Structure formats: structure tokens, C-alpha cells
Amino acid sequence: MVRRILAAVFWFVAIGAWYGFASFAFGLPQALGPVLAAAIALFVAVDPGHVIWTARARG
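Note that the structure is a prediction, hence the values are computed from the model and not measured. (Residues numbered from 1 in each chain as written. Predicted model: local features only at pLDDT ≥ 70, side-chain atom pairs only at ≥ 80, totals over all residues. Heavy atoms only, no water.)

Caption draft 1: Geometry of helix α2 (residues 32-46). For α2, spanning 15 residues, the distance from its first C-alpha to its last is 21 Å, which sits close to the expected 21 Å at 1.5 Å a residue. When α2 is considered as a whole, its buried residues turn out to be Gly 33, Ala 37, Ala 41 and Val 44. One face of α2 carries all of its buried residues, which in axial projection span an arc of 60°. Seen from the open side of α2, the exposed residues pointing more than 90 degrees away from its buried face are Val 35, Leu 42 and Phe 43. Packed against the buried residues of α2 are α1 (2-26). (Helix = DSSP H or I, 4+ residues; strand = E, 2+ residues; numbered from the N terminus. Expected span 1.5 Å × (residues − 1). Buried < 20%, exposed > 50% of the residue type's maximum accessible area, 1.4 Å probe, protein only. Arc of directions from axis to C-beta. Contact = heavy atoms within 4.5 Å.)

So this is what it looks like as C-alpha cells:
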């Protein structure tokens, strides 16, 4: 669970920084950056298709 949270934080920071550059370079609206970063970070943390975070074998 700690890995998921840490990965979500890293994704939030990375997408936020990328969007900050993109908004400066291409004139995109700045208010959309944190929303997009939060949505992607939440998707990585939740992983609805279990593609990123597979279930561990219990044994």
C-alpha cells in the first residue's frame, strides 16, 4: 500500500510539473494542471484493471 501511495505522489508531481511547462509553452489553462495530475495519480493508485498492482499470492 505504501508503494501505491508513493507512486501516486510521484505521478502527481511529475504530471503537475509537465503540465506547468506545457501551460507556459503552449498557453494552456493553468487551473487544469492540478486536476489532471490528481486524476492520473488517483488512477495509478486505484488501478481498476489491476495492470500496475497485481495481487500478491497468499501462502
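There's plenty left to go through after this.
Caption draft 2: Up close: unusual backbone geometry. One non-glycine residue, Asp 47, lies in positive phi territory at about 50°. Among the residues examined, Asp 47 registers a relative accessible area of 3% and is labelled buried.

Caption draft 3: Geometry of the side chain of Ser 23. Note that Ser 23 resides in helix α1. If sequence neighbours within four positions are ignored, Ser 23 has contacts with Leu 28 and Gln 30.

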